[in-house]
Amino acid sequence: MIYGKETAQAVKNFPVNDQKVPESLIKAMIVIKKNAALALKSTKELKPQTADAIVRACEELLNDFHPEYFPTNAFQGGAGTSTHMNVNEVISHIAGKYAGYPVDPLDDVNRFQSTNDVYPTALRIASILLIRFLSNEVAKLQESLQKKELEWDTIFKMGRTELMDAQIITLGQEFGAYAQAIARDRWRIYKVEERLRQINLGGTAVGTGSTASRKYGFLVIEYLRKDTGIGLSRAEYPMDLTQNNDVFVETSGLLKALSVNLMKIANDLRLMNSQPFQEIKLKPLQKGSTIMPGKINPVIPEMTMQVSMEIMAYDSAISYAAASGNLELNAFLPLIAYNLLTSLEMLCHTVSIFRTECIEPLQAYEKGCHSHLDSIVIYGTALLPYIGYQKASELMEKSNYEKDKLKTLLETDTEMTKEEITPVFTITHPSSYKN
(Lines give C-alpha, C1' and ligand atoms only; values in the text may rest on other atoms or scores of the structure.)
Protein backbone atom coordinates (compact mmCIF):
# COMPACT_ATOMS: atom_id res chain seq x y z
CA MET A 1 0.00 0.00 0.00
CA ILE A 2 1.38 3.40 -0.99
CA TYR A 3 0.12 5.11 2.17
CA GLY A 4 0.30 3.96 5.79
CA LYS A 5 -1.91 3.02 8.68
CA GLU A 6 -2.73 6.60 9.71
CA THR A 7 -4.24 7.32 6.31
CA ALA A 8 -6.12 4.03 6.33
CA GLN A 9 -7.56 4.90 9.75
CA ALA A 10 -8.63 8.36 8.51
CA VAL A 11 -10.42 6.78 5.54
CA LYS A 12 -12.21 4.49 7.98
CA ASN A 13 -13.08 7.36 10.35
CA PHE A 14 -14.56 9.78 7.80
CA PRO A 15 -16.66 7.92 5.19
CA VAL A 16 -18.77 11.04 4.66
CA ASN A 17 -19.19 11.06 0.88
CA ASP A 18 -17.09 10.88 -2.27
CA GLN A 19 -15.64 14.38 -1.91
CA LYS A 20 -11.85 14.19 -1.62
CA VAL A 21 -9.33 16.79 -0.57
CA PRO A 22 -8.69 19.17 -3.51
CA GLU A 23 -5.74 18.11 -5.63
CA SER A 24 -4.40 21.66 -5.61
CA LEU A 25 -4.02 21.55 -1.82
CA ILE A 26 -2.22 18.19 -1.83
CA LYS A 27 0.18 19.33 -4.55
CA ALA A 28 0.95 22.48 -2.57
CA MET A 29 1.75 20.32 0.46
CA ILE A 30 4.09 18.20 -1.65
CA VAL A 31 5.86 21.35 -2.82
CA ILE A 32 6.30 22.39 0.81
CA LYS A 33 7.75 18.97 1.72
CA LYS A 34 10.20 19.18 -1.16
CA ASN A 35 11.50 22.59 -0.15
CA ALA A 36 11.58 21.70 3.53
CA ALA A 37 13.89 18.80 2.65
CA LEU A 38 16.11 21.13 0.61
CA ALA A 39 16.29 23.61 3.48
CA LEU A 40 17.06 20.89 6.03
CA LYS A 41 19.79 19.51 3.78
CA SER A 42 21.29 23.00 3.52
CA THR A 43 21.25 23.49 7.31
CA LYS A 44 22.64 19.96 7.78
CA GLU A 45 19.63 19.02 9.91
CA LEU A 46 18.65 16.14 7.63
CA LYS A 47 20.97 13.55 6.12
CA PRO A 48 21.72 14.55 2.49
CA GLN A 49 20.78 11.14 1.09
CA THR A 50 17.45 11.23 2.92
CA ALA A 51 16.76 14.80 1.83
CA ASP A 52 17.57 13.95 -1.80
CA ALA A 53 15.26 10.94 -1.67
CA ILE A 54 12.41 13.08 -0.31
CA VAL A 55 12.97 15.68 -3.04
CA ARG A 56 12.93 12.98 -5.73
CA ALA A 57 9.75 11.48 -4.29
CA CYS A 58 8.06 14.88 -4.30
CA GLU A 59 9.09 15.58 -7.87
CA GLU A 60 7.80 12.18 -8.95
CA LEU A 61 4.41 12.89 -7.38
CA LEU A 62 4.20 16.36 -8.89
CA ASN A 63 5.11 15.10 -12.37
CA ASP A 64 2.85 12.06 -12.23
CA PHE A 65 0.10 12.73 -9.73
CA HIS A 66 -2.03 9.79 -8.61
CA PRO A 67 -5.29 10.84 -6.93
CA GLU A 68 -5.78 7.32 -5.57
CA TYR A 69 -2.75 7.82 -3.32
CA PHE A 70 -4.69 10.49 -1.42
CA PRO A 71 -8.07 9.04 -0.40
CA THR A 72 -8.90 11.11 2.69
CA ASN A 73 -12.31 12.73 2.77
CA ALA A 74 -12.57 16.51 2.44
CA PHE A 75 -14.55 16.67 5.69
CA GLN A 76 -12.35 15.45 8.50
CA GLY A 77 -11.59 16.23 12.11
CA GLY A 78 -8.15 17.21 13.34
CA ALA A 79 -7.58 20.49 11.49
CA GLY A 80 -6.24 18.64 8.45
CA THR A 81 -3.91 16.22 10.24
CA SER A 82 -5.31 13.26 8.27
CA THR A 83 -4.49 14.85 4.93
CA HIS A 84 -1.09 16.01 6.13
CA MET A 85 -0.24 12.55 7.44
CA ASN A 86 -1.43 11.04 4.16
CA VAL A 87 1.06 13.23 2.28
CA ASN A 88 3.85 12.36 4.72
CA GLU A 89 3.21 8.64 4.37
CA VAL A 90 3.07 8.62 0.58
CA ILE A 91 6.27 10.65 0.27
CA SER A 92 8.09 8.48 2.82
CA HIS A 93 7.06 5.30 0.95
CA ILE A 94 8.40 6.55 -2.38
CA ALA A 95 11.47 8.21 -0.82
CA GLY A 96 12.40 4.93 0.85
CA LYS A 97 12.78 3.31 -2.55
CA TYR A 98 15.12 6.06 -3.68
CA ALA A 99 17.12 6.07 -0.44
CA GLY A 100 17.45 2.30 -0.17
CA TYR A 101 16.34 2.39 3.46
CA PRO A 102 13.20 3.40 5.37
CA VAL A 103 12.40 7.12 5.37
CA ASP A 104 10.23 7.99 8.34
CA PRO A 105 7.05 10.01 7.58
CA LEU A 106 7.35 12.02 10.80
CA ASP A 107 11.03 12.18 11.79
CA ASP A 108 12.22 12.74 8.22
CA VAL A 109 9.47 13.98 5.87
CA ASN A 110 7.81 16.04 8.61
CA ARG A 111 10.93 17.27 10.41
CA PHE A 112 10.48 20.74 11.94
CA GLN A 113 6.92 20.83 10.61
CA SER A 114 3.35 20.61 11.90
CA THR A 115 -0.05 20.32 10.30
CA ASN A 116 -0.70 23.73 11.82
CA ASP A 117 1.90 25.50 9.69
CA VAL A 118 2.05 23.20 6.63
CA TYR A 119 -1.71 23.03 5.99
CA PRO A 120 -2.47 26.80 6.05
CA THR A 121 0.68 27.51 4.05
CA ALA A 122 -0.38 24.97 1.43
CA LEU A 123 -3.83 26.52 1.31
CA ARG A 124 -2.31 29.94 0.69
CA ILE A 125 -0.09 28.66 -2.11
CA ALA A 126 -2.91 26.72 -3.77
CA SER A 127 -5.22 29.72 -3.49
CA ILE A 128 -2.69 32.12 -5.01
CA LEU A 129 -2.06 29.88 -8.01
CA LEU A 130 -5.79 29.57 -8.67
CA ILE A 131 -6.34 33.30 -8.06
CA ARG A 132 -3.76 34.13 -10.71
CA PHE A 133 -5.58 31.91 -13.20
CA LEU A 134 -8.97 33.34 -12.22
CA SER A 135 -7.70 36.92 -12.43
CA ASN A 136 -6.58 36.25 -15.99
CA GLU A 137 -9.95 34.76 -16.91
CA VAL A 138 -11.80 37.71 -15.37
CA ALA A 139 -9.58 40.07 -17.36
CA LYS A 140 -10.54 38.27 -20.56
CA LEU A 141 -14.22 38.51 -19.65
CA GLN A 142 -13.86 42.23 -19.02
CA GLU A 143 -12.26 42.68 -22.44
CA SER A 144 -15.04 40.71 -24.14
CA LEU A 145 -17.68 42.88 -22.50
CA GLN A 146 -15.80 46.02 -23.53
CA LYS A 147 -15.74 44.80 -27.14
CA LYS A 148 -19.51 44.46 -27.04
CA GLU A 149 -19.71 47.93 -25.53
CA LEU A 150 -17.89 49.41 -28.53
CA GLU A 151 -19.57 47.18 -31.11
CA TRP A 152 -23.08 48.03 -29.95
CA ASP A 153 -22.63 51.67 -29.04
CA THR A 154 -25.07 52.80 -31.76
CA ILE A 155 -27.81 50.27 -31.06
CA PHE A 156 -30.47 52.06 -29.05
CA LYS A 157 -32.88 50.28 -26.75
CA MET A 158 -35.17 50.89 -23.84
CA GLY A 159 -33.48 51.11 -20.47
CA ARG A 160 -35.54 49.66 -17.65
CA THR A 161 -35.81 50.13 -13.93
CA GLU A 162 -37.72 47.60 -11.83
CA LEU A 163 -38.49 45.80 -15.13
CA MET A 164 -40.47 48.83 -16.33
CA ASP A 165 -39.66 51.15 -19.23
CA ALA A 166 -37.45 54.03 -18.13
CA GLN A 167 -35.15 55.88 -20.55
CA ILE A 168 -33.38 55.21 -23.81
CA ILE A 169 -29.86 53.84 -23.58
CA THR A 170 -27.60 51.99 -25.98
CA LEU A 171 -26.99 48.28 -25.83
CA GLY A 172 -23.32 49.20 -25.72
CA GLN A 173 -23.82 51.28 -22.60
CA GLU A 174 -25.51 48.34 -20.93
CA PHE A 175 -22.53 46.11 -21.62
CA GLY A 176 -20.17 48.90 -20.63
CA ALA A 177 -21.77 48.87 -17.19
CA TYR A 178 -21.22 45.11 -16.99
CA ALA A 179 -17.58 45.59 -17.96
CA GLN A 180 -17.11 48.14 -15.18
CA ALA A 181 -18.47 45.73 -12.57
CA ILE A 182 -16.20 42.92 -13.77
CA ALA A 183 -13.25 45.33 -13.83
CA ARG A 184 -13.74 45.92 -10.09
CA ASP A 185 -13.80 42.16 -9.52
CA ARG A 186 -10.59 41.80 -11.51
CA TRP A 187 -8.82 44.38 -9.38
CA ARG A 188 -10.11 43.06 -6.06
CA ILE A 189 -9.16 39.46 -6.83
CA TYR A 190 -5.73 40.48 -8.08
CA LYS A 191 -4.98 42.51 -4.95
CA VAL A 192 -6.00 39.87 -2.40
CA GLU A 193 -2.89 37.85 -3.29
CA GLU A 194 -0.87 40.33 -1.23
CA ARG A 195 -2.54 39.18 2.00
CA LEU A 196 -2.17 35.50 1.11
CA ARG A 197 1.60 35.74 0.58
CA GLN A 198 2.35 35.89 4.29
CA ILE A 199 2.82 32.37 5.66
CA ASN A 200 3.41 30.82 9.06
CA LEU A 201 5.65 27.96 7.88
CA GLY A 202 8.31 27.38 10.50
CA GLY A 203 5.89 28.31 13.26
CA THR A 204 5.07 24.62 13.86
CA ALA A 205 2.25 23.82 16.31
CA VAL A 206 1.08 27.18 17.64
CA GLY A 207 3.23 29.68 15.73
CA THR A 208 6.09 29.94 18.21
CA GLY A 209 8.46 27.78 16.17
CA SER A 210 8.74 25.17 18.88
CA THR A 211 11.01 22.19 17.96
CA ALA A 212 12.20 23.88 14.72
CA SER A 213 15.47 25.68 14.21
CA ARG A 214 15.28 29.39 13.44
CA LYS A 215 17.69 28.98 10.54
CA TYR A 216 15.40 26.41 8.90
CA GLY A 217 12.36 28.63 9.47
CA PHE A 218 13.79 31.42 7.32
CA LEU A 219 15.56 29.24 4.75
CA VAL A 220 12.56 27.06 3.91
CA ILE A 221 10.54 30.12 2.91
CA GLU A 222 13.37 31.31 0.69
CA TYR A 223 13.47 27.95 -1.08
CA LEU A 224 9.69 27.90 -1.36
CA ARG A 225 9.63 31.42 -2.81
CA LYS A 226 12.08 30.48 -5.56
CA ASP A 227 10.32 27.22 -6.40
CA THR A 228 6.78 28.58 -6.60
CA GLY A 229 7.52 31.97 -8.11
CA ILE A 230 5.30 33.51 -5.44
CA GLY A 231 6.58 36.39 -3.30
CA LEU A 232 6.02 34.52 -0.06
CA SER A 233 7.20 36.07 3.20
CA ARG A 234 7.41 34.96 6.80
CA ALA A 235 4.54 36.31 8.88
CA GLU A 236 5.53 39.02 11.33
CA TYR A 237 3.49 37.16 13.94
CA PRO A 238 3.17 33.49 12.91
CA MET A 239 0.84 32.73 15.82
CA ASP A 240 -1.70 35.08 14.21
CA LEU A 241 -1.84 33.08 10.98
CA THR A 242 -1.94 29.79 12.87
CA GLN A 243 -5.14 30.65 14.70
CA ASN A 244 -6.86 33.29 12.52
CA ASN A 245 -8.33 32.62 9.08
CA ASP A 246 -9.86 35.97 8.18
CA VAL A 247 -7.74 36.22 5.02
CA PHE A 248 -9.61 33.22 3.63
CA VAL A 249 -12.90 34.86 4.56
CA GLU A 250 -11.76 38.00 2.72
CA THR A 251 -10.78 35.98 -0.33
CA SER A 252 -14.07 34.09 -0.30
CA GLY A 253 -15.94 37.38 0.04
CA LEU A 254 -14.31 38.66 -3.14
CA LEU A 255 -15.27 35.46 -4.94
CA LYS A 256 -18.81 36.02 -3.70
CA ALA A 257 -18.73 39.59 -5.06
CA LEU A 258 -17.66 38.26 -8.46
CA SER A 259 -20.43 35.66 -8.27
CA VAL A 260 -22.97 38.39 -7.52
CA ASN A 261 -21.94 40.32 -10.62
CA LEU A 262 -21.87 37.19 -12.79
CA MET A 263 -25.34 36.24 -11.57
CA LYS A 264 -26.70 39.73 -12.27
CA ILE A 265 -25.26 39.79 -15.78
CA ALA A 266 -26.38 36.24 -16.57
CA ASN A 267 -29.90 36.94 -15.37
CA ASP A 268 -30.07 40.13 -17.45
CA LEU A 269 -29.03 38.16 -20.53
CA ARG A 270 -31.82 35.66 -19.89
CA LEU A 271 -34.33 38.50 -19.77
CA MET A 272 -33.03 40.33 -22.84
CA ASN A 273 -32.96 37.07 -24.80
CA SER A 274 -36.54 36.19 -23.87
CA GLN A 275 -39.88 37.45 -25.06
CA PRO A 276 -41.15 40.10 -25.02
CA PHE A 277 -37.73 41.79 -25.02
CA GLN A 278 -35.82 39.84 -27.73
CA GLU A 279 -33.00 42.39 -27.74
CA ILE A 280 -30.15 39.89 -27.96
CA LYS A 281 -29.65 36.36 -29.29
CA LEU A 282 -27.80 33.81 -27.19
CA LYS A 283 -25.85 31.10 -28.95
CA PRO A 284 -28.09 28.00 -29.27
CA LEU A 285 -26.24 25.08 -27.69
CA GLN A 286 -28.66 22.21 -27.12
CA LYS A 287 -32.30 21.15 -27.24
CA GLY A 288 -34.33 22.98 -24.64
CA SER A 289 -37.18 20.56 -24.19
CA THR A 290 -38.05 16.90 -24.53
CA ILE A 291 -41.62 17.79 -25.56
CA MET A 292 -41.46 21.21 -27.24
CA PRO A 293 -39.54 21.05 -30.56
CA GLY A 294 -37.49 24.11 -31.38
CA LYS A 295 -37.31 25.39 -27.81
CA ILE A 296 -33.85 26.65 -26.88
CA ASN A 297 -32.95 27.48 -23.29
CA PRO A 298 -30.33 29.96 -21.99
CA VAL A 299 -28.27 27.13 -20.51
CA ILE A 300 -24.95 28.93 -20.04
CA PRO A 301 -26.43 31.87 -18.11
CA GLU A 302 -28.39 29.38 -16.02
CA MET A 303 -25.26 27.33 -15.29
CA THR A 304 -23.42 30.51 -14.37
CA MET A 305 -26.17 31.51 -11.98
CA GLN A 306 -26.15 28.11 -10.29
CA VAL A 307 -22.40 28.23 -9.75
CA SER A 308 -22.79 31.73 -8.32
CA MET A 309 -25.44 30.53 -5.89
CA GLU A 310 -23.19 27.67 -4.77
CA ILE A 311 -20.26 30.00 -4.15
CA MET A 312 -22.44 32.30 -2.06
CA ALA A 313 -23.36 29.27 0.05
CA TYR A 314 -19.71 28.23 0.32
CA ASP A 315 -18.86 31.74 1.48
CA SER A 316 -21.32 31.44 4.35
CA ALA A 317 -19.77 28.13 5.41
CA ILE A 318 -16.25 29.58 5.22
CA SER A 319 -17.26 32.54 7.37
CA TYR A 320 -18.90 30.31 9.97
CA ALA A 321 -15.92 27.91 10.04
CA ALA A 322 -13.40 30.73 10.41
CA ALA A 323 -15.38 32.23 13.28
CA SER A 324 -15.57 28.85 15.04
CA GLY A 325 -11.85 28.51 15.75
CA ASN A 326 -10.77 28.24 19.37
CA LEU A 327 -7.73 29.78 20.99
CA GLU A 328 -4.51 28.86 19.11
CA LEU A 329 -5.97 26.81 16.26
CA ASN A 330 -8.99 26.44 13.99
CA ALA A 331 -10.12 22.82 13.79
CA PHE A 332 -12.37 23.57 10.84
CA LEU A 333 -9.68 24.55 8.34
CA PRO A 334 -10.45 21.49 6.14
CA LEU A 335 -13.93 22.90 5.47
CA ILE A 336 -12.46 26.32 4.69
CA ALA A 337 -9.90 24.77 2.35
CA TYR A 338 -12.38 22.59 0.51
CA ASN A 339 -14.93 25.36 0.01
CA LEU A 340 -12.42 28.04 -0.93
CA LEU A 341 -10.45 25.93 -3.42
CA THR A 342 -13.63 24.46 -4.89
CA SER A 343 -15.02 27.97 -5.33
CA LEU A 344 -11.85 29.08 -7.07
CA GLU A 345 -11.78 26.06 -9.36
CA MET A 346 -15.46 26.41 -10.27
CA LEU A 347 -15.09 30.12 -11.00
CA CYS A 348 -11.99 29.59 -13.15
CA HIS A 349 -13.97 27.24 -15.40
CA THR A 350 -17.28 29.11 -15.21
CA VAL A 351 -15.86 32.52 -16.14
CA SER A 352 -14.09 30.95 -19.12
CA ILE A 353 -17.23 29.12 -20.29
CA PHE A 354 -19.42 32.19 -19.77
CA ARG A 355 -17.05 34.25 -21.91
CA THR A 356 -16.48 31.78 -24.75
CA GLU A 357 -19.95 30.22 -24.98
CA CYS A 358 -22.12 33.18 -24.05
CA ILE A 359 -20.56 36.65 -24.29
CA GLU A 360 -18.29 36.27 -27.32
CA PRO A 361 -20.88 34.62 -29.63
CA LEU A 362 -23.69 36.87 -28.37
CA GLN A 363 -25.58 38.73 -31.10
CA ALA A 364 -27.57 41.93 -30.93
CA TYR A 365 -31.13 41.88 -32.28
CA GLU A 366 -31.62 45.47 -33.40
CA LYS A 367 -35.20 45.01 -34.48
CA GLY A 368 -36.12 43.87 -30.99
CA CYS A 369 -34.20 46.72 -29.41
CA HIS A 370 -35.89 49.34 -31.58
CA SER A 371 -39.38 47.89 -31.16
CA HIS A 372 -39.55 49.09 -27.56
CA LEU A 373 -38.26 52.62 -28.09
CA ASP A 374 -41.64 54.28 -28.63
CA SER A 375 -42.63 54.19 -24.95
CA ILE A 376 -44.91 56.80 -23.40
CA VAL A 377 -42.59 56.98 -20.40
CA ILE A 378 -40.02 58.69 -22.61
CA TYR A 379 -42.49 61.36 -23.65
CA GLY A 380 -43.60 61.97 -20.10
CA THR A 381 -40.00 62.56 -19.06
CA ALA A 382 -39.39 64.84 -22.04
CA LEU A 383 -42.31 67.03 -20.85
CA LEU A 384 -40.75 67.82 -17.47
CA PRO A 385 -38.97 71.04 -18.59
CA TYR A 386 -42.24 72.36 -20.04
CA ILE A 387 -45.00 71.44 -17.60
CA GLY A 388 -43.32 69.85 -14.59
CA TYR A 389 -43.65 66.44 -12.98
CA GLN A 390 -47.12 66.84 -11.45
CA LYS A 391 -48.84 68.11 -14.60
CA ALA A 392 -47.08 65.52 -16.78
CA SER A 393 -48.25 62.72 -14.45
CA GLU A 394 -51.79 64.07 -14.49
CA LEU A 395 -51.97 64.24 -18.28
CA MET A 396 -50.41 60.80 -18.76
CA GLU A 397 -52.98 59.25 -16.46
CA LYS A 398 -55.79 61.19 -18.14
CA SER A 399 -54.60 59.98 -21.56
CA ASN A 400 -54.70 56.38 -20.34
CA TYR A 401 -51.02 56.29 -21.27
CA GLU A 402 -51.76 56.54 -24.98
CA LYS A 403 -49.41 58.62 -27.05
CA ASP A 404 -51.97 60.26 -29.39
CA LYS A 405 -54.34 61.19 -26.56
CA LEU A 406 -51.45 62.68 -24.58
CA LYS A 407 -50.50 64.80 -27.56
CA THR A 408 -54.08 66.10 -27.88
CA LEU A 409 -54.24 66.92 -24.17
CA LEU A 410 -51.05 68.92 -24.42
CA GLU A 411 -52.59 71.02 -27.15
CA THR A 412 -55.80 71.66 -25.20
CA ASP A 413 -54.80 71.59 -21.52
CA THR A 414 -51.43 73.33 -21.57
CA GLU A 415 -49.86 76.46 -22.99
CA MET A 416 -47.32 74.49 -24.98
CA THR A 417 -47.08 75.48 -28.64
CA LYS A 418 -47.03 73.03 -31.52
CA GLU A 419 -43.40 73.96 -32.06
CA GLU A 420 -42.68 72.74 -28.53
CA ILE A 421 -44.91 69.66 -28.67
CA THR A 422 -43.70 68.23 -31.99
CA PRO A 423 -40.07 67.53 -30.93
CA VAL A 424 -41.30 65.75 -27.80
CA PHE A 425 -43.17 63.23 -29.93
CA THR A 426 -40.53 62.82 -32.59
CA ILE A 427 -38.01 60.04 -32.09
CA THR A 428 -35.08 62.00 -33.36
CA HIS A 429 -31.67 60.43 -33.79
CA PRO A 430 -31.25 58.64 -30.47
CA SER A 431 -27.73 59.99 -30.03
CA SER A 432 -29.44 62.87 -28.22
CA TYR A 433 -30.19 60.44 -25.41
CA LYS A 434 -26.56 59.46 -24.82
CA ASN A 435 -24.93 60.59 -21.60
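Just so we're clear, the structure is a prediction, and the values are computed from it rather than from any experiment.

A. Here's a closer look at the overall build of the protein. A tally of helices and strands in the protein yields 16 helices and six strands. Relative to a compact globule of 435 residues, whose C-alpha radius of gyration would be 22 Å, the protein shows 30 Å and is clearly more extended. Contacts in the protein between residues at least 24 apart in sequence constitute 77% of all its contacts with a sequence separation of at least 6.

B. Broad picture of the pairing of strand 1 (residues 156-161). Here strand 1 pairs with strand 2 (residues 164-170) via five bridges, running antiparallel. By the bridge assignment for strand 2, Arg160 is matched with Asp165. The turn joining strand 1 and strand 2, which pair antiparallel and follow one another in sequence, is formed by two residues; a positive phi near 55° is taken by Glu162.

C. How the structure looks around the nonpolar core. Counting residues in hydrophobic clusters, the biggest one holds 100 residues, and the most contacted among them are Leu134, Leu269 and Phe354. A per-element tally of this core places helix 5 (residues 115-151) first, with 13 residues. With residues up to four places along the chain from it excluded, the contact list for Leu134 reads Ile189, Leu255, Leu258, Leu344, Leu347, Cys348 and Val351. Counting residues in hydrophobic clusters, the runner-up holds 14 residues, among them Ala392, Leu406, Leu409 and Ile421.

D. How the structure looks around the packing of aromatic side chains. Throughout the structure, instances matching the rule amount to eight aromatic pairs. When the ring of Phe65 is compared with that of Phe70, the centres are 5.3 Å apart and the planes differ by 5°; the resulting orientation is stacked. There is no split in this pair, since Phe65 and Phe70 are both buried. Three or more aromatic residues joined by ring pairs form one cluster here, namely Phe65, Tyr69 and Phe70. Seen from the ring of Phe218, Arg234 lies directly overhead, with NZ or CZ sitting 4.8 Å from the centre.

E. Spatial organisation of the side chain of Ser343. As for its placement among the helices and strands, Ser343 is situated in helix 11 (residues 333-359). If we skip the residues at most four places from it in the chain, Ser343 touches Leu255, Ile311 and Tyr314.

F. Seen up close, the pattern of salt bridges. The full count for this structure, using the stated rule, is 28 salt bridges. For the salt bridge of Glu279 with Arg160, the shortest nitrogen-to-oxygen distance reads 2.9 Å. Of the two residues, Glu279 is situated in the loop between helix 9 (246-273) and strand 5 (280-281) and Arg160 in strand 1; the sequence distance between them amounts to 119 residues. Linking Glu250 and Arg195 is a salt bridge whose minimum nitrogen-to-oxygen distance equals 2.7 Å. Of this pair, Glu250 sits in helix 9 while Arg195 is found in helix 6 (residues 171-196), placing the two residues 55 residues apart along the sequence. We classify Glu250 as partly exposed; its relative accessible area is 30%. If you follow the salt bridges from partner to partner, you end up with Lys157, Arg160, Asp165, Glu174 and Glu279 in one network.

Calculation notes
- Residues numbered from 1 in each chain as written.
- Predicted model: local features only at pLDDT ≥ 70, side-chain atom pairs only at ≥ 80, totals over all residues.
- Heavy atoms only, no water.
- Helix = DSSP H or I, 4+ residues; strand = E, 2+ residues; numbered from the N terminus.
- Rg over C-alpha atoms; globule rule 2.2 N^0.38 Å.
- Contact = heavy atoms within 4.5 Å.
- Pairing = 2+ DSSP bridges.
- Core = buried A, V, L, I, M, F, W, Y, C linked by side-chain atoms within 4.5 Å.
- Buried < 20%, exposed > 50% of the residue type's maximum accessible area, 1.4 Å probe, protein only.
- Phe/Tyr/Trp six-rings, centres within 6.5 Å; stacked < 30°, edge-to-face > 60°.
- Lys NZ or Arg CZ within 6 Å of the ring centre and 35° of its normal.
- Salt bridge = Lys/Arg side-chain N within 4 Å of Asp/Glu carboxyl O.

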